[in-house]
Every structure is written in C-alpha cells, then in structure tokens.
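Examining the three-dimensional arrangement
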Amino acid sequence: MHNLVRRLATAAMIVIFYLSGMRIAECLELQVGCCPDPGDSGSGPIRYKIYGNTFKGARDAGGQTIPGGTPRALPWAVIPPVVSAIRILERLAEGRWLFPARTAWHPGRSERRFRTGGLLTAREANVRIADFISGVNQLGDDLDLAAERVPDDPDGNIVVGRFRRTIAWHIARLPAGRIALATQYGHLRASGITDGYSSRARQGLRRVLDIETVRAMADYLDGLAERLAGGEGVSGPAAHRMIKAARDASVRFESMFLTPKQAEALLDEPQFHVYDNPEAFLTCNNDPSKALCHPERAGRAKRNLPPSIDRCDPACANIARTDTHVAALQQEIARLEAEIADRLTPTPLRERLKQRVGALNAIVDRHQQMRIVTVSREDTRKGAREPDR
C-alpha cells in the first residue's frame, strides 16, 4: 500500500511541476491550503491561484538574501489538473507541507539531506521520479501493456529541472505561442507591476521566449528543406525568400539542437525569421518593413520585432505557402462544404460559408499556378530509387 501511495504522491508532484511553470524551490515549499477554492465566480471563468513564496531575488532592505523567500506579489494561476494534484497531496499530508521528506508512507533515509523544515530536496524528488517511472514500466510489463511504458529519454534522466523548459518548448511551437507562454509563465509581465523582481522575471521570461521561438524556426526550416528536396512546391510573394532560408538553414543547422548562445545569435539573422502559421495556412517570412499586421511597421523594422501571426493580412508580402499548407486548406474546404450541405445550417451562415469556400479555392488555384518546385520530377524519382549507402 505504501508503494501505491508514494507513486500517487509522485504523480501529483509531476503534474504540479509540469503544468504550473513554477521553479523547483517554489514548488517544493508549497503548504497545505496554498490553493484555496475560488468560490462562486458568477458567469465568469473560474480562476485557480496558488499562493506561496518566491526565492529568486528575495532580499531584505539591506540587500541580504532571505533564505526562506518572500511571499510572491502575485499568485500563480493554474489549471484544474494542478488543483486536483494539490488536493490529493493535501489529503495525504500529515503536517503543513505538501512535500515533506519523511512521511508514514515514505520514511526517507537518515543519511539524506533535507531542505529547511524537513522538506524534500530536488535530488530526492528526482529519485522519486525515477522510482515512479520504474514502477510504471514494471506494471506495463506485468500487464503486457508495452504502449504504456515510459520510454528511455536519449537526453538523460527525467528530473524536476526539465519540466519548466519542456512545456515551454511545446507552447512556443503553437500559433501565438509567445503570447500563451507569457501567460503561462509571466503573470507579472501582464500585471503592470514595475518592482525589481517583476523586471527580472520579465527579462528571464523574454529569454525563454526568444530561445524557444528561434528553435522552433530552425526546426521548421530543417523540415521544410527536406520536403523541398522531396519535390514540395512553394508559392506566394515570399516564396523565394523562404526557399533560400530553408537551404541556408539546412547547411548551418541540420539536425542540430541549438544551444542558448546559438539561438540568441540566430536572432540577429533576419533571413531565418520564419514563422509557420498552420491556422492561416501560410508561413510568415518576417520582414518588419513589409509586415501588414503592424501599422507601425516602419518603426518596427528598426527593432526587428516578430509578426503578429494572429493578424495575418492576405495582401502581405511576407506570405509563402507550401503544398502542405494547401493540402490542409483543401481539407478545410471539404469540411466547410459538408457544413454548407447540412440542412440544419442556417441560410445566412450558409451564404457566409460559401464566400469563405470561394476565397479558399482562389488561394488553392493561385498556389497551383504559381508554385515553385526546386527539384525536377526525375530527380525526385531518382532519389527514391537510390538505395541507402
């Protein structure tokens, strides 16, 4: 029974670390009652908040570090799975802390070091995660459920320090990912608070945003170069720019995982600033001086700022489309046509959908007429026939 309880507590710990964006010390020092019920919000959304201490930049009036941290000016905003994990730990808690080093179901080892107050250390948390993975994999083997096993990570052990950056990687690769990532990690950034800690937090978040955005661009260009070599076509006013960017990126960054320094250096090379926007069925090859998503583009050109891909203008000179985009666009056309054919669709809506389908079909026709293919059909067939050496 103790093994099951320990694994349940570890699973809850993983959920909190992964989905809250909290730093290690901030999470391990959470207390029972840190996430009160929000109460009745009326017709508005329910907002869950975690209250606790922050340690980064925590100093007293004399400039000395405060070991116990200081209460965070703004609480962390979290989603329901995090709240559920906290409620589980609160039911298991035997004292004031959510992550004590020693409990009835996990007595700990006398030789291990603990945080002040007998709290779990990051090292011990990593040990529990390793034990949890081992237990899950053993259960998968016992029940012949190979698909439920946690695979080995080629980059090393799964540790608490990796969760914060891992979710940033996924969020940054979505359309408007920078906004979503700022919301997930940077509540201070949107609050208007200008104290010292807030400034430092914004700078740290900006670096995470920039690094993950650049890595997303490099990954996209690497994949695009492969598709171009396979005969994929590109159209649009920025087609030639995107093709050149993909070729150059394949030479410089092929299959590389960019270090933070390499990612920051890439920020200074505008030709690689390519933002895929599958929701709009296009890629933005960002030239701030031509970006119609920003009326103040003349001033933005000097600062080399990213585009607002949620405001893409069809007439923008930064647009390029690939066969992949057009294939997704054709699926969208088929979905809209099915909705038009549905007898339950109201007539006004049906007319608007017909206009939308007409506009999308025009994009498909334009792509088919103007698409640029960088390899011949014969080269593509030849490459498919050649065996690997």
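Scroll up to find the structure.
The following refers to the structure shown. Remember, predicted model here, so these are calculated numbers, not experimental data.

**Details of the packing of aromatic side chains**
Overall, the coordinates contain 2 aromatic pairs when judged by the stated rule. Consider the rings of Phe-17 and Phe-163, whose centres lie 6.4 Å apart with planes at 25°: the pair is stacked. Placement of the pair is Phe-17 in helix α1 (residues 2-20) and Phe-163 in helix α5 (residues 163-172), with a sequence separation of 146 residues. Judged by its relative accessible area of 10%, Phe-163 is buried. Members of the aromatic cluster, joined through ring pairs, are Phe-17, Tyr-18 and Phe-163.

**Section: the environment of Thr-121**
In this structure, Thr-121 sits in the loop between α3 (80-92) and α4 (122-142). Counting along the chain gives 21 residues from Thr-121 to Pro-100, while the straight-line C-alpha distance between them is 9.1 Å.

**A look at the nonpolar core**
If you look at the biggest cluster of nonpolar residues, it comprises 32 residues, and the most contacted ones within it are Ile-16, Leu-30, Ile-50, Ile-86 and Phe-99. Of all elements in the fold, only α1, α2 (24-28), β1 (48-50), β4 (76-78), α3 and α4 reach the threshold of two or more residues within this core. Among the elements that line this core, the one with the most residues is α1, at 7 residues. Not counting residues within four places of it along the chain, the set of residues in contact with Phe-99 comprises Met-13, Ile-16, Cys-27, Leu-28, Leu-89, Leu-119 and Leu-120. In this structure, Leu-221, Leu-224, Ala-225 and Ala-238 belong to the second largest nonpolar core, which totals 23 residues.

**Considering the pairing of strand β7 (residues 282-285)**
Both faces of the sheet carry side chains from a regular strand, because those side chains alternate between them. Residues of β7 alternate between two faces, with Leu-282 and Cys-284 on one and Thr-283 and Asn-285 on the opposite face, all of them buried. Bridge count between strand β6 (residues 274-277) and β7: 4 bridges; the pairing is antiparallel. The residue of β7 that forms the bridge with Tyr-275 is Cys-284. In this structure, the hairpin formed by β6 and β7 is closed by a connection of 4 residues, where Phe-281 is found at a positive phi of approximately 60°. As judged from the 2 bridges shared by β7 and strand β8 (residues 319-322), these two strands associate in the antiparallel manner. Its bridge partner lying in β8, Cys-284 is registered against Ile-319.

**Some thoughts on the packing of helix α11 (residues 323-341) against helix α12 (residues 347-370)**
A pair of packed helices is captured by two measures, namely the crossing angle of their axes and the spacing between those axes. Remark: α11 packs on α12, axes separated minimally by 10 Å, with the N-to-C direction vectors making an angle of 155°. When the axis of α11 is compared with that of α12, the two are roughly antiparallel. Judged by the twist between their axes, the crossing of α11 over α12 is left-handed. The residues of α12 that touch α11, namely those facing Asp-323, Val-326, Leu-329, Gln-330, Glu-332, Ile-333, Leu-336, Glu-337, Glu-339 and Ile-340, are Leu-349, Arg-350, Leu-353, Lys-354, Arg-356, Val-357, Leu-360, Asn-361, Ile-363, Val-364, His-367 and Gln-368. Partitioned by chemical class, the residues of the contact of α11 with α12 number 11 nonpolar, 4 polar and 7 charged.

**Digging into the packing of α1 against α4**
At a minimum axis separation of 10 Å, α1 and α4 run at an interaxial angle of 115°. The angle between α1 and α4 places the two elements in the roughly perpendicular class. When you trace α1 past α4, the crossing you get is left-handed. Counted together, Arg-7, Thr-10, Ala-11, Met-13 and Ile-14 of α1 and Ala-125, Arg-128, Ile-129, Phe-132 and Gly-135 of α4 form the full contact between these two elements.

**Some words on unusual backbone geometry**
You will see that Asp-144, though not glycine, has its phi angle at about 55°, which is positive. Mapped onto the secondary structure, Asp-144 falls in the loop between α4 and α5. For Asp-144, a relative accessible area of 67% corresponds to the exposed category. Phi at Phe-281 is positive, roughly 60°, even though this residue is not glycine. Locating Phe-281 in the fold gives a position in the loop between β6 and β7. Relative accessible area serves as the criterion here: at 10%, Phe-281 is assigned to the buried category.

Each value, and the rule that gives it
Residues numbered from 1 in each chain as written. Predicted model: local features only at pLDDT ≥ 70, side-chain atom pairs only at ≥ 80, totals over all residues. Heavy atoms only, no water. Phe/Tyr/Trp six-rings, centres within 6.5 Å; stacked < 30°, edge-to-face > 60°. Helix = DSSP H or I, 4+ residues; strand = E, 2+ residues; numbered from the N terminus. Buried < 20%, exposed > 50% of the residue type's maximum accessible area, 1.4 Å probe, protein only. Core = buried A, V, L, I, M, F, W, Y, C linked by side-chain atoms within 4.5 Å. Contact = heavy atoms within 4.5 Å. Pairing = 2+ DSSP bridges. Axes fitted to C-alpha atoms, helices over the stretch in contact; angles between N-to-C directions. Parallel < 35°, antiparallel > 145°, perpendicular 65-115°, else oblique. Left-handed = near helix turned anticlockwise from the far one by under 90°. Nonpolar A, V, L, I, M, F, W, Y, C, P; charged D, E, K, R; others polar.

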